[in-house]
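Okay, here's what each chain looks like letter by letter:
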Amino acid sequence: MAPRARMTPPGNAGPARRGRPGHSLDSLLGVAVAVFNERGYDATTMEDLATRLGVTKSAIYHHVPGKGELLRLALDRALDALFAVTREPGATGGPAIERLEHVVRGSVRVLTRELPFVTLLLRVRGNSPVEQEALARRREFDRLVTGLVRAAEEQGDVRPDVDPAVTSRLLFGAVNSLTEWYRPEGGLDATAVADALVATMFDGLRGVARPRRG
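### Re the packing of helix H1 (residues 25-39) against helix H7 (residues 115-122)
Phase 1 of the analysis: At a minimum axis separation of 9 Å, H1 and H7 run at an interaxial angle of 45 degrees. The angle between H1 and H7 places the two elements in the oblique class. Read as a crossing pair, H1 and H7 show a hand that is left-handed. Facing H1, whose interface residues are Leu29, Gly30, Val33, Phe36 and Asn37, H7 presents Pro116, Phe117, Thr119 and Leu120.
Phase 2 of the analysis: Of the residues contributing to the contact of H1 with H7, the split by class is 6 nonpolar, 3 polar and no charged.

Below is the structure:
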């Protein structure tokens, strides 16, 4: 049985090795997220990760103290990318409806680019402090979106007969559903997906309000 390869720290260009190449923290994270999504985070052990990578557990511990840190890094990667969208010029200036559309389009872009990481984020249930922190950040993001919907309603660009929090949930329910069916190799790029989502969802938001029943 061939010996397992050591992992290569980021930026360390050591001498060439025979056999399996080394792994950087970034490549370790990518594999860990794939295994977490396949097996579930709680069911995944460090031995599972070492086996998938073809390295010893000590090689993983060279980069992180445990799988909890891998989870934190993965969730932060998804959340940081989503919050970055809210700080882009298109999300901070102009009519609220246009800022909302920018955030939706940007979120689709993040999801298609970071699909495994966002998939993991959406499966978090708060079973650990790391997961609870991620859920708190998700709620903060939801509040930002709801604020944009409310502002667009106040500006007369969104129908007033639907609660802004409900509208926000519906919008991002549609965005998040991409984790169930979107595949990069399927031929649809992020722009095409965002165009389709905006066309179907925003026409309804701008529609004429129907009278309430009862």
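What follows picks up the thread again.
### Quick notes on empty space enclosed by the protein
Phase 1 of the analysis: The full count for this structure, using the stated rule, is 1 cavity of 30 Å³ or more.
Phase 2 of the analysis: Its volume calculated, the largest cavity comes out at about 50 Å³.
Phase 3 of the analysis: In terms of lining, the largest cavity is formed by Arg72, Leu75, Asp76, Leu79, Val130, Glu133, Ala134 and Arg137.
Phase 4 of the analysis: Contributing elements (two or more residues each) for the lining of the largest cavity: helix H4 (67-86) and helix H8 (129-154).

### Focus on the packing of H1 against H4
Phase 1 of the analysis: Between H1 and H4, the shortest axis-to-axis distance is 10 Å and the interhelical angle comes to 95 degrees. What the angle tells us is that H1 and H4 run roughly perpendicular. Of the residues in H4, those touching H1 at Leu25, Asp26, Leu28, Leu29, Ala32, Val33 and Phe36 are Lys67, Leu70, Leu71, Leu73, Ala74 and Arg77.
Phase 2 of the analysis: Of the residues that constitute the contact of H1 with H4, the class distribution is 10 nonpolar, no polar and 3 charged.

### A look at helix H11 (residues 190-205)
Phase 1 of the analysis: Here H11 contains 16 residues, and its C-alpha end-to-end distance of 22 Å stays within 8% of the 22 Å for a straight helix at 1.5 Å per residue.
Phase 2 of the analysis: Among the residues of H11, those classed as buried are Ala190, Val193, Ala194, Leu197, Val198, Phe202 and Leu205.

### Brief notes about the nonpolar core
Phase 1 of the analysis: Judged by nonpolar contacts, the single largest core of 61 residues is most densely connected at Leu49, Ile60, Leu70, Leu100, Val104, Phe172 and Phe202.
Phase 2 of the analysis: At 10 residues, the largest contribution of residues to this core is made by H4.
Phase 3 of the analysis: What Leu100 contacts, discounting residues up to four positions off in sequence, is Val145, Leu148, Val149, Leu171, Phe202 and Leu205.

### As for the pattern of salt bridges
Phase 1 of the analysis: In total, this model carries 14 salt bridges according to the counting rule given.
Phase 2 of the analysis: A salt bridge links Asp26 to Arg77, with the nearest nitrogen and oxygen atoms 3.3 Å apart. Linking Asp26 in helix H1 with Arg77 in helix H4, this pair joins segments that are 51 residues apart in sequence.
Phase 3 of the analysis: The partner of Glu101 in a salt bridge is Arg105, with the nearest N and O atoms 3.1 Å apart. Taken together, the positions of Glu101 and Arg105, both in helix H6 (residues 96-113) and 4 residues apart, correspond to about one turn of that helix.
Phase 4 of the analysis: Three or more residues are tied together by salt bridges with common partners; here these are Glu69, Arg72, Asp76, Asp80 and Arg137.

### Notes on the environment of Gly156
Phase 1 of the analysis: Residue placement: Gly156 occurs in the loop between H8 and helix H9 (164-176).
Phase 2 of the analysis: Distance from Gly156 to Ile97, taken between C-alpha atoms, is 9.4 Å for residues 59 residues apart in sequence.

### Details of the layout of surface pockets
Phase 1 of the analysis: Put simply, the largest pocket is a space of about 420 Å³.
Phase 2 of the analysis: Together, 21 residues line the largest pocket, and Arg138, Phe141, Asp142, Phe172 and Asn176 are the ones closest to its centre.
Phase 3 of the analysis: Listed by contribution, the elements that provide at least two residues to the lining of the largest pocket are H4, H6, H7, H8 and H9.
Phase 4 of the analysis: Examining the composition of the lining of the largest pocket, we find that 7 residues originate from one element, H9, more than from any other.
Phase 5 of the analysis: Its residues assigned to classes, the lining of the largest pocket shows 12 nonpolar, 5 polar and 4 charged.

### Some words on the environment of Ala91
Phase 1 of the analysis: Looking at where Ala91 falls in the secondary structure, it is placed in helix H5 (residues 89-92).
Phase 2 of the analysis: For Ala91, a relative accessible area of 7% translates into the label buried.
Phase 3 of the analysis: Taking the C-alpha atoms as reference points, Ala91 and Val103, 12 residues apart in sequence, are found 6.1 Å from one another.

Rules of the game
Sequence positions are assigned chain by chain, starting from 1 and proceeding in written order. Reporting of local features is limited, given that this is a predicted model, to residues whose pLDDT is at least 70; pairs of side-chain atoms are given and counted only at 80 or more, and all residues count toward the totals for whole chains, interfaces and linings. Water and hydrogen atoms play no part in the side-chain values, which are based on all heavy atoms of the structure. Angular values range over 0 to 180 degrees, each being the angle between N-to-C directions of two axes fitted as lines to C-alpha atoms, with helices fitted over their stretch in contact. The numbering of helices and of strands both runs from the N terminus, where a helix is a DSSP run of H or I of at least 4 residues and a strand a run of E of at least 2. What sets the label is the angle itself: under 35 degrees gives roughly parallel, over 145 gives roughly antiparallel, 65 to 115 gives roughly perpendicular, and the rest give oblique. If you view the pair so one helix is near and one far, a crossing is left-handed when the near helix is turned anticlockwise from the far one by less than a right angle, and right-handed when it is turned clockwise. Contacts are residue-level and defined by heavy atoms, with any inter-residue pair within 4.5 Å sufficient. We call Asp, Glu, Lys and Arg charged. Ala, Val, Leu, Ile, Met, Phe, Trp, Tyr, Cys and Pro are nonpolar, and the rest, Gly among them, are polar. Cavity means a closed set of points on a 1 Å grid over the protein atoms alone, one where a 1.4 Å probe fits but cannot get out, pocket means an open set with protein on both sides within 12 Å along at least 5 of 7 lines, and lining means a residue has an atom within 4 Å of a point. Grid points are joined across faces, edges and corners, and a volume is the space filled by probe spheres set on the points. By this rule, a helix spans an expected 1.5 Å times one less than how many residues it contains. Summary of the burial criterion: residues with accessible area below 20% of their type's maximum are buried, those above 50% are exposed, and those between are partly exposed, where the area comes from a 1.4 Å probe applied to protein chains only. Nonpolar cores are built from buried Ala, Val, Leu, Ile, Met, Phe, Trp, Tyr and Cys residues. Side-chain atoms within 4.5 Å join them into one set. Definition used for salt bridges: Asp or Glu carboxyl oxygen within 4 Å of a side-chain nitrogen of Lys or Arg.

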